[in-house]
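Results of the structural survey
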Amino acid sequence: MEEQVPGAIGTSGSLALRLGQIIFSAASLAFMCVGVEFYAYTSFCFLVTIKGLSVPWSLTMAMVDASSVFAHRPSRRLHMVSVVVIGDWLLSLLSLAAASSAASVADYMVTETGASGFVCGKKVCSRYQVSAAMAFMSWCLSLASALFNTWLLPSLYY
């Protein structure tokens, strides 16, 4: 009998985690890209690049989870779960790096310019901060997916 890990690939918990990742990553992209000139700052470009990669990854994994949940047949082959674990950990670490760098630059822009608004206006700086916050929320869900799938991996060796 195969072990059931609640948030591992092929479960409804994993589907919920993937949908949350999609929502928060898309929100981070929307707050960063719509009406804001983010391309002047490298850390914001890094955030947009990583979130642009994590949306298709999470969407693909959500489709795999949805087909497994609705067909009641989780596809848990060792090689497939290994690729998912590597992809989840890679995107999780890159998401943390991107969110941290964007948050630090946004915080610097707010605190160092003060009320003068020399670097960015209050509305633009708040959009940068909200985008970084959404990226952190996406990272939390991505880390949970990576941990659950890593927890599942040893049970597939036997």
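Residues numbered from 1 in each chain as written. Predicted model: local features only at pLDDT ≥ 70, side-chain atom pairs only at ≥ 80, totals over all residues. Heavy atoms only, no water.

Looking at an unreviewed UniProt entry, the chain carries the name CASP-like protein, with the source organism given as Helianthus annuus. UniProt's Sequence similarities (unreviewed entry) comment on the chain is quoted here verbatim: "Belongs to the Casparian strip membrane proteins (CASP) family." (UniProt positions renumbered as here; feature names shortened; annotations may be inferred.)

This part takes up the UniProt feature "transmembrane region" (unreviewed entry) in the chain. Within this numbering scheme, the UniProt entry marks residues 22-41, 53-72, 78-99 and 132-153 as carrying the feature "transmembrane region" (unreviewed entry). As annotated, residues 22-41 comprises 60% helix and 0% strand, and the C-alpha atoms at either end are separated by 24 Å. What you have in residues 132-153 is 95% helix and 0% strand, and the ends, taken at the C-alpha atoms, are 31 Å apart. (Helix = DSSP H or I, 4+ residues; strand = E, 2+ residues; numbered from the N terminus.)

A few words now on the side chain of Ser142. Tracing the backbone shows Ser142 in helix α4 (residues 122-152). Beyond its immediate sequence surroundings of up to four residues, Ser142 is in contact with Gln21, Asp88, Leu91 and Ser92. (Contact = heavy atoms within 4.5 Å.)

All right, on to the packing of aromatic side chains then. Any pair of aromatic rings gets described here by the distance separating the centres and the angle formed by the planes. Tallied over the entire structure, the rule returns four aromatic pairs. Summarising the aromatic geometry, the rings of Phe38 and Tyr39 are spaced 6.0 Å apart at their centres and angled 70 degrees between planes, so their arrangement reads as edge-to-face. On the basis of an interplanar angle of 70 degrees and a centroid distance of 5.4 Å, the ring pair of Tyr41 and Phe44 is categorised as edge-to-face. Under the relative-accessibility criterion, Tyr41 is labelled partly exposed at 25%. For Phe44, a relative accessible area of 0% translates into the label buried. Clustering of aromatic rings is evident, with ring pairs tying together Tyr41, Phe44 and Tyr128. (Phe/Tyr/Trp six-rings, centres within 6.5 Å; stacked < 30°, edge-to-face > 60°. Buried < 20%, exposed > 50% of the residue type's maximum accessible area, 1.4 Å probe, protein only.)

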